[in-house]
Amino acid sequence: PTKGERHTEKLSRRNGGTDMRVAMRTTSPRWTRRVRTRASAEESAPTKKDAPPKPKPKPKPKTLPEAMNEDIIPGLKEVLRDTTADLELEFEDNQLCGTFVSLRNNSAYNFWTFFPDGTLDGQRGFAIAAYGQPPSIVEPFMVDEKKITPQLVIFWISKRLRAQKSALKGTN
């Protein structure tokens, strides 16, 4: 053994092997090393009191009809209240159908948001048309979103309706 190792052994034997810090002789006297002994291992063992509390289990995700009826339809009515009249929203057969009269030009519109997989995370589509006319195009909807929440669906539907310049008041 080297001179530093002999010194470490001496200190450890002298104190009964319970010291947690033992000076090491190295090129720099500032270095110390933590030595775990049986006594220090027992002292540092976590107890039941020290264990962090278990996180609450996450609530079970809502089904699409529950999310529509409890979160999305009421939220969408609130967001579109100032820009539309006679707003009617209905969720049926994995489609959110909406009818409203624009306060911008007093024209009636229909829109549809499709969820063919029956989930918020599956495929989605959107279509809008003037009342009595077929939709001009069915377009993908929220394709880049990773985690879909009811608030995000409300945001994107209202954003898409505002993008239809003739439909909603407050757009150019």
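Residues numbered from 1 in each chain as written. Predicted model: local features only at pLDDT ≥ 70, side-chain atom pairs only at ≥ 80, totals over all residues. Heavy atoms only, no water.

(A) Examining the pairing of strand β6 (residues 125–130) more closely. Taking burial as the measure, the six residues of β6 include five buried ones, the bulk of the element. In this structure, strand β5 (residues 108–114) lies alongside β6, joined through six bridges in antiparallel fashion. When the bridges of β6 are listed, Phe114 appears paired with Gly125. Strand direction decides the pairing type here: β6 and strand β7 (residues 139–140), joined by two bridges, are antiparallel. (Buried < 20%, exposed > 50% of the residue type's maximum accessible area, 1.4 Å probe, protein only. Helix = DSSP H or I, 4+ residues; strand = E, 2+ residues; numbered from the N terminus. Pairing = 2+ DSSP bridges.)

(B) Representation of the pattern of salt bridges within the structure. This structure, assessed with the given rule, holds five salt bridges. In this structure, Asp82 and Arg81 form a salt bridge, with 3.9 Å as the shortest nitrogen-oxygen distance. Here Arg160 and Glu139 are joined by a salt bridge, their closest N and O atoms 2.6 Å apart. With a gap of 21 residues between them, Arg160 in helix α4 (residues 150–163) and Glu139 in strand β7 connect regions that are remote in the sequence. The exposure class assigned to Glu139 is partly exposed, which follows from its relative accessible area of 21%. If you follow the salt bridges from partner to partner, you end up with Lys62, Glu70 and Asp71 in one network. (Salt bridge = Lys/Arg side-chain N within 4 Å of Asp/Glu carboxyl O.)

(C) Geometry of the side chain of Arg124. Here Arg124 lies in the loop between β5 and β6. Asp121 is the oppositely charged side chain nearest to the buried, salt-bridge-free Arg124, at an N-O distance of 5.7 Å. In this structure the side chain of Arg124 is engaged in a polar contact, spanning 2.5 Å, whose partner is the backbone oxygen of Gly122. There is a polar contact of 2.5 Å between the side chain of Arg124 and the backbone oxygen of Met142. Ignoring sequence-local partners within four residues, the contact set of Arg124 consists of Phe114, Phe115, Glu139, Pro140, Phe141, Met142, Val143, Glu145 and Ile148. (Lys, Arg positive; Asp, Glu negative; His and termini not counted. Polar contact = N/O pair within 3.5 Å; in protein donor to acceptor, adjacent residues only side chain to side chain. Contact = heavy atoms within 4.5 Å.)

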